Structure formats: structure tokens, C-alpha cells
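# Observations on the model geometry
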Amino acid sequence: MENIYLIPIGHIDEKLLRQLANDLEEEFSYTCVVGSRLDIPPVAYNVERSQFLASVILEEMKSHLPQNAERVLGVTDVDLYVPDLNFVFGMADVPGPAALISVCRLWQEFYGLERDEGLFRRRMMKEAIHELGHSFGLAHCQNPQCVMSFSNSLIDTDRKGEAFCADCRKHIKIPG
């Protein structure tokens, strides 16, 4: 049986992960399972930036892969970065077994705005599909409506769709 494990990292709400697992099962032909919680490696924290280095968390995830996992998607609520960017919504091995998203900047409250659960769930779903798409071998797409379009800001995330464009769907390398 092919499984995508959603791994809570840090203090993420497991109810959110169960909702995301249900949503992802519709997009991918895999059973989505909420796995065991992982702690955030302390070395991932950058004091000067008040952010966490995404690659360190991704490597920690890869050292704890469940045996029957086709893919693992880590979900955290801490602010992530990579060295050349101010922040990232996530990162993944391209291709590879592990992907990671942060919900920190997907909440309206992060920007001082009123909570919107529906908007948050759409954003989380888009970023989860995007990073899993990378793990299945897809690069960024030039089609701004495709879920594989790069999100440099939340405006980009809100603009893009929740599904792969026809070209990306044709090129995704899902085993099985």
C-alpha cells in the first residue's frame, strides 16, 4: 500500500493535519496518514533572523522516515527560510521522499488580519500539493494558475490554482 505520511513538526494542531490528509487523498492516489510528531532540531533556529532553516528540518525528517511511506510531508507552524530568501512556505527534495511546509505565513492573523479558516485551508492545500509535486519530480511551472507556480508572496499563493496544469500532470512521476 502506498502512503503519504503527514508529520507534525513542533506544535502543529493534529486536527489540521487530519483535514489536510483527507484533502490530499483526493489529489494523490495514496492513503494519507498522520504520523508521529517530530521535535524541531534546535540547530535549525537562527537567532538573528528569528526563523528556522528549512533544510535542517527536512534532513531531520529524512532520518525518521516510516518504512511504508512513499512520501513524507512535514507540517510545521514555525517561520521557515532558506539562505537566499526572506522566507519560504516550504521546500522539498526534487525528486525525493520528503517535503516540508510551514503554515506560519498562511494564516491571515500573521498579517494582522481577521481569521479566515477557508482561505487558510486553501493556502495550506496549495502549498502541500506544490511541495509534494516537487517530491514527485516536478519543477516550478511558468503557468501562474498551476499549483506548481512559484510563490514569492502570499498573493502568488492566492492567485494560483489548487491543481496541476495539464503539462505538469503529464510530467509528474508518481510511482505505481
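Described below are features of the structure shown in this document. Keep in mind it's a predicted model, so treat the numbers as computed, not measured.

As a further point, take the packing of aromatic side chains. A full pass over the atoms with the stated rule returns 7 aromatic pairs. Arranged with centres 5.7 Å apart and planes meeting at 20°, the rings of Y30 and F136 form a pair that is stacked. Of this pair, Y30 sits in the loop between α1 (14-27) and β2 (31-34) while F136 sits in the loop between α3 (117-135) and α4 (154-159), placing them 106 residues apart in sequence. Neither Y30 nor F136 differs from the other in exposure class; each is buried. One aromatic cluster in this structure is built from F28, Y30, F136 and F164. The ring of F87 is capped by R105, whose NZ or CZ atom sits 4.2 Å from the centre of that ring.

On to α3. Taking 1.5 Å of rise per residue, the 19 residues of α3 would be expected to cover 27 Å, and the 27 Å separating its terminal C-alpha atoms lies within 8% of that figure. Of all 19 residues in α3, 15 are buried, a share of seventy percent or more. Where α3 begins, the side chain of D116 points an oxygen toward the backbone nitrogen of G118, at a separation of 3.3 Å. Two residues or fewer after α3 comes G137, characterised by a positive phi angle close to 105°.

With that settled, consider the pattern of salt bridges. In total, this model carries 13 salt bridges according to the counting rule given. Of the charged contacts, one joins R37 and E14 as a salt bridge, the two residues approaching to 3.1 Å between their closest N and O atoms. Highlighted residues: R37 in the loop between β2 and β3 (45-46) and E14 in helix α1, separated in sequence by 23 residues. On the accessibility criterion, E14 (32% relative accessible area) is partly exposed. Residue D158 pairs with R123 through a salt bridge whose shortest N-O separation is 2.8 Å. In this pair, D158 is assigned in helix α4 and R123 in helix α3, connecting sequence segments 35 residues apart.

Thresholds, definitions, all that
Residues numbered from 1 in each chain as written. Predicted model: local features only at pLDDT ≥ 70, side-chain atom pairs only at ≥ 80, totals over all residues. Heavy atoms only, no water. Phe/Tyr/Trp six-rings, centres within 6.5 Å; stacked < 30°, edge-to-face > 60°. Helix = DSSP H or I, 4+ residues; strand = E, 2+ residues; numbered from the N terminus. Buried < 20%, exposed > 50% of the residue type's maximum accessible area, 1.4 Å probe, protein only. Lys NZ or Arg CZ within 6 Å of the ring centre and 35° of its normal. Expected span 1.5 Å × (residues − 1). Polar contact = N/O pair within 3.5 Å; in protein donor to acceptor, adjacent residues only side chain to side chain. Salt bridge = Lys/Arg side-chain N within 4 Å of Asp/Glu carboxyl O.

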